[in-house]
Amino acid sequence: MNLPVVVGVDGSEPSLRAVDWAADEAALRGAPLRLVYASLWERYEGDALAEDLGKDSGQVIAEDIVQAAAQRARLRQADVEVSTDVLPEEPEYALVRTGRSAAVLVLGTRGRSGIVEMLLGSVSLSVAARADCPVIVLRGSHDNQVRAGKHGRIVVGVGEKGTSSAALRFAAQEAGLRGATLDVVRAWRCPAHETTDHPLLAEEPARLHERRAAEVLDEALKDVPADVELSRRTVEGPTRRVLLAASRGADLLVVGARRGSGHLGLQMGRVAHGVLHHAACAVAVVPERT
């Protein structure tokens, strides 16, 4: 069964750009596209508006929004099968649940009004930190970089263990689908207590850590398909800062988020949290099972 690409819509311009990305993603994968609108409207708009329009509160405006988004998706990718859902639920719960049977979730970050704008930002963060599938978050309209394929470059960070991770596999898949270069980055740092003031020895600890970073990369890249164009590098510095710098001129930055069994709260580390807020391109958060 070919799992669908799911996109959350709310009628905002950022969510419509997310529809564009999701339609392209579905076309690349040969997958169906599912548009999901989820909200408890009476909590924000009130029952009076629903009564004025002669509809149940859960259906206010929502049907028009998803139909307009579906039309946009069909115009962009005519061969993609498109379906829609209007769910009278809290967005984060509905999207996380929907993600259990999705190949990938695509989300924008801003809503149609002041209250919904704050809500949708929190929804994107909450879903990225809880979903069972990869979540691609398109961050606002900065640099207009939400357009897939603009740079032909997918960035992914490699962790300390150097094993093939779910994030690396997802990044390699995206690069292969798009014919893009996979830019694999390993950040490393030399602990302060290992440095020395002697001029002949000052660089030796750094060289050892850099060499270890290169070995980690070698190990991680063993299972990357041979047909994926690779760019690999080790960079000295904090992981978050290194990845944020790498996101400039990229189409997508891919990071992993550890998921522990039985944990009900947000499960996303500082690096993933930081790049979601500050990256210069779209960010994919991929769950890593521990």
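Residues numbered from 1 in each chain as written. Predicted model: local features only at pLDDT ≥ 70, side-chain atom pairs only at ≥ 80, totals over all residues. Heavy atoms only, no water.

Asker: Go over helix α4 (residues 91–99) with me, naming the residues and quoting the values.
Answerer: Here α4 lies mainly inside the structure; seven of its nine residues are buried. For α4, the complete set of buried residues consists of Pro 91, Glu 92, Ala 94, Leu 95, Val 96, Thr 98 and Gly 99. (Buried < 20%, exposed > 50% of the residue type's maximum accessible area, 1.4 Å probe, protein only. Helix = DSSP H or I, 4+ residues; strand = E, 2+ residues; numbered from the N terminus.)

Asker: Explain the side chain of Arg 29 to me, and be specific about the residues and the numbers.
Answerer: You can see Arg 29 is positioned in helix α1 (residues 13–29). Among the residues examined, Arg 29 registers a relative accessible area of 19% and is labelled buried. Not counting the four nearest positions on each side in its chain, Arg 29 is found in contact with Asn 2, Val 5, Ala 103, Val 104, Phe 170, Gln 173, Glu 174 and Leu 177. (Contact = heavy atoms within 4.5 Å.)

Asker: Please set out the pattern of salt bridges residue by residue, giving values where relevant.
Answerer: Using the criterion set out here, one finds 15 salt bridges in the structure. The closest approach of N and O atoms between Asp 20 and Arg 76, which form a salt bridge, is 3.9 Å. Here Asp 20 is found in helix α1, whereas its partner Arg 76 is found in helix α3 (residues 62–76), with 56 residues between them in sequence. One salt bridge connects Arg 212 with Glu 215, and the closest N-O pair in it is separated by 3.9 Å. Here Glu 215 and Arg 212 lie together in helix α7 (residues 204–220), a separation of three residues that amounts to about one turn. For Arg 212, a relative accessible area of 39% corresponds to the partly exposed category. (Salt bridge = Lys/Arg side-chain N within 4 Å of Asp/Glu carboxyl O.)

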